[in-house]
Amino acid sequence: MGGDDIIEVQDLEHAFGDFAAVRGISFTVRRGEVFSFLGPNGAGKSTTINILTTLLPLQKGMVRVAGYDVAREPGEVRKAIGIVFQDDVLDRDLTVQETMEFHGRLYSIPREERRNRIENLLRVVELEPKRNERTKNLSGGMKRRLQIARGLLTRPDVLFLDEPTQGLDPQTRLRIWDYIRQVNRAGTTIFLTTHYMEEADILSDRISIIDHGRIVVSGTPTELKNALGEDVVYLETEDDKKTKDALHGIEVIRSVTESPRGLSITISADGSHCLPRIIDAVRGAGIGISNVNLKKPTMDDVFVHYTGRELRDTRA
Amino acid sequence: MAWEFLTVYWREMIRFVRFRTQLFSSLLQPAIWMAFFGVAMSSNLDRFTSAIPAPDGVIPVGYLTFMAAGVIAMTTLFTSLFGGMSLLFDKNWGLMREMLASPMPRTHIMFGVSLSGMTKSFIQVSIIMVFGLLLGVEFFPGYAPLRIILSILGIFAFVGIFSLGFLLFSSTISMRLESPEGLQGIMTLLTLPLFFVSNALYPIQAFPEFLQVLSIYNPLTHLVNGIRYFALGGDFFAVGARYTSTTADVLGSFAYLAIFAAVMYLLARRTFEKAVVT
Ligand SMILES: Nc1ncnc2c1ncn2[C@@H]1O[C@H](COP(=O)(O)OP(=O)(O)OP(=O)(O)O)[C@@H](O)[C@H]1O
Ligand SMILES: [Mg+2]
């Protein structure tokens, strides 16, 4: 627990009636990083965000955000954070400009400053042409962008993004990832939830995979993928039979299977480190190699490995 | 002092003027009451009651004028009871979570909503008074201009404190309920008895004892008393009955409405401070 932890959560539990939605999670988020909660539907991501943003009362555990205890100083926490909710929180009948104005006034940002920041942010999220459009006439992606701009209006220390790209087309997602990186580079800590592995992989410095209200594993994207130890090397050689023999004795190789297109070699360690050894061994046996390919596990593999395959929405 | 409630007020008023149909219907509804119910009833009632002469020196007041105060009160009641409804919509489909997650003190949500509800009532009341004048309502009989101004202020004070109480009440209910249908049901259930067990449309002197007692606890009765005192004076004769009220009576009515508003404020504050919306 250093001064560099902008979010500290210890043994957090939360129940709705008898249903335990969050079952004792602990983690920290460092100032300036992008931290992701990756988990299937119903894992407890939004519940955790709601507690961290003071929208749900703290039932059990300790939560500090931006240096303040959420139970004792919710007002200070609220000043320090920005939120983009999972579903749209917009007034359908206010215009884009009014939506931003309203937010700025809620936080008592002085008029001049408010106007300037709104100008700026609308430009960043490319909503200037829609400034006088009512929010009900915006597309899904525009609504998201507006809410991201709104979340940034107060220059928060931490921005909470609850599934910011849910249901958006690939272009819009890429665009939003860009904004998120931009904001993060400018110094805002990002707490992100998502069930898109790709999103967590690309954006995050660190990820916690959460399932059934518990954190099942945490780490950097690379650590998580490496920890699976299931890198696969594809080799095309002059003689697959001989190659198999040549590979005997390399202890990190778990299995070698022949296929019409060559050999696939499953490795129990970081593949990029083992690849030279494999190539040396094969060359050493005098066998020519025509093609090499290394496949690292994706976040999908990691996700499925840790959370299983059953569909969450069908669970009671 | 924090002024964030003005932000909530600002937004409520944007919505008020933006929804043209809602705006016009809210202004038209009291006018329709006056134009149809008022004119029809007064032509009937004035025929019967003209048989009972007003005592000497007491100003006789026609039915239309008598019920105009009731229409003002009724309109204020309706507008205030439904004034908190925007909170329910905000909770389910609007900006409630944004407001709850902001550093604005939560009580400001209800201050902003109440202030806008009061503004709407003031606008409606002004329109009814002007429209009534055109129809032949004889408010402020023989008053000097200064007294008219003071009387209007007096009416606004009563309308303001009354609507504040009911706005806080409806805000509390809205925050606690899940569906607009439920709210609609509760409000409809409340308006009819409040309206009929009051002196808005007829004198309560002729009520059975039980209803008379009830009507004295009804805030609407006190609002109507206040409006009539300022609009018609402390001694007038209408619908076959003489109405006298002293300054003390009127202050009493105002105090009653103020206490009602204070109780509603405490209820609302508790509700807002504990509100959880996810
Ligand atoms: N207000 C509530 N009352 C009762 N149960 C709730 C409530 N809110 C959430 N839950 C339950 O708590 C669990 C966690 O919900 P939560 O919304 O935190 O999941 P999530 O990880 O955000 O899922 P998703 O990816 O679908 O948004 C779910 O089983 C949900 O049904
Ligand atoms: Mg969620």
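Note that this is a predicted model, so its numbers are computed, not measured.

What counts and how
- Residues numbered from 1 in each chain as written.
- Chains lettered and ligands numbered in written order.
- Predicted model: local features only at pLDDT ≥ 70, side-chain atom pairs only at ≥ 80, totals over all residues.
- Heavy atoms only, no water.
- Donors = N, O, S within 2.8 Å, 3.2 Å for Na, K, Ca; no water.
- Helix = DSSP H or I, 4+ residues; strand = E, 2+ residues; numbered from the N terminus.
- Buried < 20%, exposed > 50% of the residue type's maximum accessible area, 1.4 Å probe, protein only.
- Pairing = 2+ DSSP bridges.
- Axes fitted to C-alpha atoms, helices over the stretch in contact; angles between N-to-C directions.
- Parallel < 35°, antiparallel > 145°, perpendicular 65-115°, else oblique.
- Contact = heavy atoms within 4.5 Å.
- Nonpolar A, V, L, I, M, F, W, Y, C, P; charged D, E, K, R; others polar.
- Core = buried A, V, L, I, M, F, W, Y, C linked by side-chain atoms within 4.5 Å.
- Near = heavy atom within 4 Å.
- Polar contact = N/O pair within 3.5 Å; in protein donor to acceptor, adjacent residues only side chain to side chain.
- Phe/Tyr/Trp six-rings, centres within 6.5 Å; stacked < 30°, edge-to-face > 60°.
- Lys NZ or Arg CZ within 6 Å of the ring centre and 35° of its normal.
- Patch = residues over 30% accessible without salt bridge, like charges linked within 9 Å, V, L, I, M, F, W, Y side chains within 5 Å.
- Areas by Shrake-Rupley, 256 points an atom, 1.4 Å probe, with all protein chains shown as cover.
- Salt bridge = Lys/Arg side-chain N within 4 Å of Asp/Glu carboxyl O.
- pLDDT = per-residue confidence, 0-100.
- Buried area = accessible area lost by both parts, 1.4 Å probe.

I keep staring at the coordination of the magnesium ion (ligand 2) and nothing clicks. Help me out?
When a metal carries six donors in an octahedron, the ideal angles between them are 90 or 180 degrees, while four donors in a tetrahedron ideally lie at 109.5 degrees. All names here are of chain A. Summarising the metal site, the magnesium ion (ligand 2) is bound by the protein donors S46 (OG) and Q86 (OE1), whose distances to it range over 1.9 to 2.1 Å. Remark: Q86 occurs in the loop between β6 (81-84) and α3 (96-106) and S46 occurs in helix α1 (residues 45-52); sequence separation between them is 40 residues. Residue class for S46 comes out partly exposed when judged on its relative accessible area of 22%. Accessibility expressed as a relative area gives 26% for Q86, which makes it partly exposed.

Explain the sheet that holds strand β2 (residues 235-238) of chain B to me, please; I cannot follow it from the model alone.
Sheet strands pair by backbone hydrogen bonding; their relative direction is either parallel or antiparallel. All names here are of chain B. One open sheet accounts for three strands, arranged β1-β2-β3; its pairing is mixed. The strands lining the two open edges of the sheet, one partner per strand, are β1 (59-60) and β3 (241-244). Across four bridges, the pairing between β2 and β3 is antiparallel. Looking at β3, one finds that F236 is bridged to Y243.

Any chance you could explain the packing of helix α1 (residues 5-18) of chain B against helix α2 (residues 20-49) of chain B here in plain terms?
For any two helices packed against each other, the geometry is given by the interaxial angle and the distance between the axes. Residues and elements named next belong to chain B. Relative to each other, α1 and α2 sit at 85°, their axes nearing to 5 Å. Between α1 and α2, the angle is such that the two are roughly perpendicular. Between α1, through F16, V17 and R18, and α2, the contact on the second element is made entirely by R20, L23 and S26. When grouped by side-chain class, the residues that make up the contact of α1 with α2 number three nonpolar, one polar and two charged.

Hey, could you run me through the nonpolar core in this one?
Formed by 134 residues in total, the largest nonpolar core has its most connected members in I7, F27, L52, V65, F160 and F191 of chain A together with F139 of chain B. It is helix α3 (residues 63-81) of chain B that contributes the most residues to this core, 12 residues altogether. In this structure, F191 of chain A is in contact with I7, F27, V29, F35, F37, I49, L52, L159, F160 and L161 of chain A, ignoring residues within four places of it in sequence. Counting 15 residues, the second largest nonpolar core, distinct from the first, contains I267, C274, L275 and I287 of chain A.

Got a minute to help me understand the site of ligand 1 in this structure?
Residues and elements named next belong to chain A. The environment of ligand 1 is formed by 14 residues, the closest being G42, K45, S46, T47 and Q86. Backbone polar atom of K45 to an oxygen atom of ligand 1: 2.8 Å apart, as the coordinates give it. The contact in question runs from an oxygen atom of ligand 1 to an N or O atom on the side chain of T47, over 2.5 Å. Residue assignment for the shell around ligand 1 shows that the elements contributing at least two residues are β2 (19-30) and α1. Of the residues contributing to the shell around ligand 1, the split by class is five nonpolar, seven polar and two charged.

Got a minute to help me understand α1 of chain A in this structure?
Residue and element names in this part refer to chain A. In terms of residue burial, α1 counts as a mostly covered element, since seven of its eight residues are buried. Those residues of α1 that fall on the buried side of the exposure criterion are K45, T47, T48, I49, N50, I51 and L52. Immediately beyond the C-terminal end of α1, within one or two residues, lies T54, with a positive phi of roughly 70°.

Explain the packing of aromatic side chains here, please?
Counted under the stated rule, the structure contains 27 aromatic pairs over all chains. A centroid spacing of 5.3 Å and a plane angle of 80° characterise the contact between F158 of chain B and F254 of chain B, whose relative ring orientation is edge-to-face. Taken together, the residues F158 of chain B in helix α7 (residues 145-176) and F254 of chain B in helix α11 (residues 247-274) connect sequence positions 96 residues apart. Look at F158 of chain B and you get buried, because its relative accessible area is 2%. In this structure F254 of chain B comes out as partly exposed when scored by relative accessible area, which is 28%. By way of ring pairs, the aromatic residues F27, F35, F37, F160 and F191 of chain A are connected into one cluster. In this arrangement the basic side chain of R173 of chain A is found over the ring face of Y196 of chain A, its NZ or CZ atom lying 4.1 Å from the centre.

Please clarify how a nonpolar patch on the surface should be interpreted in this entry.
A grouping of L146, I149, L150 and L153 of chain B is seen on the molecular surface, where their side chains present a nonpolar patch of about 420 Å² in accessible area. Looking at the secondary structure, you find L146 of chain B in helix α7.

Explanation requested: the sheet that holds strand β5 (residues 68-69) of chain A in the structure shown.
All names here are of chain A. The strand order across the open sheet built from four strands is β2-β1-β4-β5, with neighbouring strands paired in antiparallel fashion. One side of each edge strand has no neighbouring strand; the edge strands of this open sheet are β2 and β5. Examined bridge by bridge, strand β1 (residues 5-16) and strand β4 (residues 60-65) share five bridges and lie antiparallel to one another. Among the inter-strand pairings, E8 is bridged to a residue of β4, identified as R64. The strands touched by α1 are β1, β2 and β4; relative to β1, the strand with the most contacts, the crossing angle is about 120°.

For this particular structure, what's the right way to read the confidence of the model for chain B?
Low-pLDDT portions of the prediction should not be read for the details of their coordinates. For chain B, the average pLDDT comes to 89, and 100% of its residues sit at 70 or higher. Reported for the predicted complex are a pTM of 0.85 and an ipTM of 0.88.

I tried to follow α3 of chain A on my own but got confused; where do I start?
The α-helix winds at 3.6 residues per turn, so residues separated by three or four positions along the chain end up facing the same way. Of all 11 residues in α3 of chain A, 10 are buried, a share of seventy percent or more. Within the sequence span of α3 of chain A, burial applies to V96, Q97, E98, T99, M100, E101, F102, H103, G104 and L106 of chain A.

Even after reading the chapter, I still don't get the pairing of β4 of chain A, so can you show me in this structure?
In regular strands, side chains alternate between the two faces of the sheet. All names here are of chain A. As judged from the two bridges shared by β4 and β5, these two strands associate in the antiparallel manner. Paired with V65 across the strands is Y68, a residue of β5. Between β4 and β5, which pair antiparallel one after the other, the connecting turn spans two residues, and A66 there sits at a positive phi close to 55°.

Looking at this model, I keep getting lost on the interface of chain A and chain B. Mind explaining?
By convention, interface size is frequently given as the accessible area that disappears when the constituent parts associate. Tallying the contact residues gives 27 residues for chain A and 24 residues for chain B. Together, the buried faces of chain A and chain B total about 2,500 Å²; carbon and sulfur atoms form 62% of this surface. Looking only at chain A, the three residues that lose the most surface to chain B are L55, F102 and L106 of chain A, adding up to 27% of its buried area. At the junction of chain A with chain B, the criterion picks out six salt bridges. A salt bridge links R15 of chain B to D91 of chain A; its shortest N-O distance comes to 2.7 Å. Scanning the region where chain A abuts chain B turns up eight residue pairs in polar contact (both at pLDDT 80 or more).

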